[in-house]
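Chain by chain, the residues:
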Amino acid sequence: MWVYEKRLQYPVKITQTNAKLAQVIISQFGGPDGELAASQRYLSQRYTMPYAECKGLLTDIGTEELAHMEIVCAIVYQLTKNLSVDDIKASGFDRYYVDHTTALWPTAAAGIPFNACEFQSKGDVITDLVEDMAAEQKARTTYDNILRLIHDEEICDPIRYLRQREIVHFQRFGEALTITQDRLDSKNFYAFNPEFDRPSKNC
Amino acid sequence: MKCQNRYLQAVNEAGFVLDDANLFLDTHPCCENALHYYHEAAERYREAKKAYTKACGPLYKLDSDGDCYHDWVKDPWPWEGGNC
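Please read these numbers as outputs of a predicted model, since none were measured by experiment.

Draft legend 1. Expanded view of the overall build of chain A. A tally of regular secondary structure across chain A gives eight helices and zero strands. Secondary structure elements of chain A, listed N to C terminal, follow the sequence α-α-α-α-α-α-α-α. Within chain A, contacts between residues separated by at least 24 positions form 77% of all contacts whose residues are at least 6 apart in sequence. With an accessible surface of roughly 10,900 Å², chain A has 54% of that area assigned to carbon and sulfur atoms. Of the charged side chains in chain A, 22 are positive and 29 negative, and the gap between their average positions amounts to 1 Å.

Draft legend 2. Here's a closer look at empty space enclosed by the protein. Residue and element names in this part refer to chain A. Taken as a whole and assessed by the stated rule, the structure comprises one cavity of 30 Å³ or more. Taken as a whole, the largest cavity encloses approximately 70 Å³ of empty space. At the level of secondary structure, the elements contributing two or more residues to the lining of the largest cavity comprise helix H3 (35-45) and helix H7 (125-149). Looking at the lining of the largest cavity element by element, the count peaks at four residues for H3. Of the residues that constitute the lining of the largest cavity, the class distribution is five nonpolar, one polar and six charged.

Draft legend 3. Spatial organisation of the layout of surface pockets. Residue and element names in this part refer to chain A. The calculated volume of the second largest pocket comes to roughly 270 Å³. Surrounding the second largest pocket, 17 residues form its lining, Arg95, Tyr96, Thr107, Ala109 and Gly111 being those nearest its centre. Going through the elements one at a time, helix H1 (19-25) and helix H6 (94-100) are the ones with two or more residues in the lining of the second largest pocket. Among the elements that make up the lining of the second largest pocket, the one with the highest residue count is H6 (four residues). Broken down by class, the residue content of the lining of the second largest pocket amounts to 10 nonpolar, five polar and two charged.

Draft legend 4. Molecular detail of the packing of aromatic side chains. Under the criterion given, the structure shown has six aromatic pairs over all chains. With a centroid separation of 5.0 Å and an interplanar angle of 65 degrees, the aromatic rings of Tyr47 of chain A and Trp79 of chain B are classed as edge-to-face. With one member in each of two chains, Tyr47 of chain A in the loop between H3 and helix H4 (52-79) and Trp79 of chain B in the segment after helix H2 (32-56) form a pair that bridges those chains. Residue Tyr47 of chain A is classed as partly exposed on the basis of its relative accessible area, which comes to 40%. The class of Trp79 of chain B is partly exposed, set by a relative accessible area of 23%. Connected via pairs of aromatic rings, a cluster forms that spans Tyr47 of chain A together with Trp72, Trp77 and Trp79 of chain B. A cation over a ring is seen here: Arg6 of chain B above Tyr7 of chain B, with NZ or CZ 4.5 Å from the ring centre.

Calculation rules
- Residues numbered from 1 in each chain as written.
- Chains lettered and ligands numbered in written order.
- Predicted model: local features only at pLDDT ≥ 70, side-chain atom pairs only at ≥ 80, totals over all residues.
- Heavy atoms only, no water.
- Helix = DSSP H or I, 4+ residues; strand = E, 2+ residues; numbered from the N terminus.
- Contact = heavy atoms within 4.5 Å.
- Areas by Shrake-Rupley, 256 points an atom, 1.4 Å probe, with all protein chains shown as cover.
- Lys, Arg positive; Asp, Glu negative; His and termini not counted.
- Charge placed at Lys NZ, Arg CZ, Asp CG, Glu CD.
- 1 Å grid on protein atoms, 1.4 Å probe; cavity = no way out; pocket = protein on both sides within 12 Å on 5 of 7 lines; lining within 4 Å.
- Points joined across faces, edges and corners; volume = space filled by probe spheres on them.
- Nonpolar A, V, L, I, M, F, W, Y, C, P; charged D, E, K, R; others polar.
- Phe/Tyr/Trp six-rings, centres within 6.5 Å; stacked < 30°, edge-to-face > 60°.
- Buried < 20%, exposed > 50% of the residue type's maximum accessible area, 1.4 Å probe, protein only.
- Lys NZ or Arg CZ within 6 Å of the ring centre and 35° of its normal.

Everything listed here is a matter of geometry and, on its own, says nothing about what the molecule does.
Okay, structure coming up:
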């Protein structure tokens, strides 16, 4: 069960619209390493996770990713508010505008729509946690790439916050992997999959 | 279906009343009768949540208690049929 809290996890206050930048930043909404994919990755993986700490972490990070998706959407919304038709044409935003006006729709910057194939829920705790660590680094790289393209402090500030959270999540997933490995056979972490196999009593 | 855990059943009932009344108020924000109903439902929900938390553990991370262990992370989780 979820409850919505009527606030952004980190404030967004952008006074200057910029449709060109919005088209880049929207990738962190619906792109391959975006916040929508992140939230659905963790919230899908948690059901078959074998350890309480991992279930808790995936639930809590998955929930935080929903809040990050809201921050990214707030940035895109504020960057595309009150655009004139001339602004839309000049910025190249017309290709998005024709289908969505200025509404939020999950897509990558290059126009590829959001797709569940952008994340995995593999049902193997080591595989999934390693995917999660990689996902946090990929998102961190995307935020670094965004930060090279923008210099406006109003936009950079919440982007830097989101980038920092990727690093924290990476750290926590690494700890979850350690917790997991501590409960497996150190001679062969892959001897069985605790999300599916039951260890044989003869072993 | 009813939960065998009476504390959880009470939270589910009070929570559903709250969710449903809230939706009505989203489209009728000036309806005084509905507001009154909502406030009463909110109070019943708060009471039910308090009783559940005391008996079974935290529903919200904010209510996690315990000096030596973070109760929030304890099994079972809801999708495992926990406390139902």
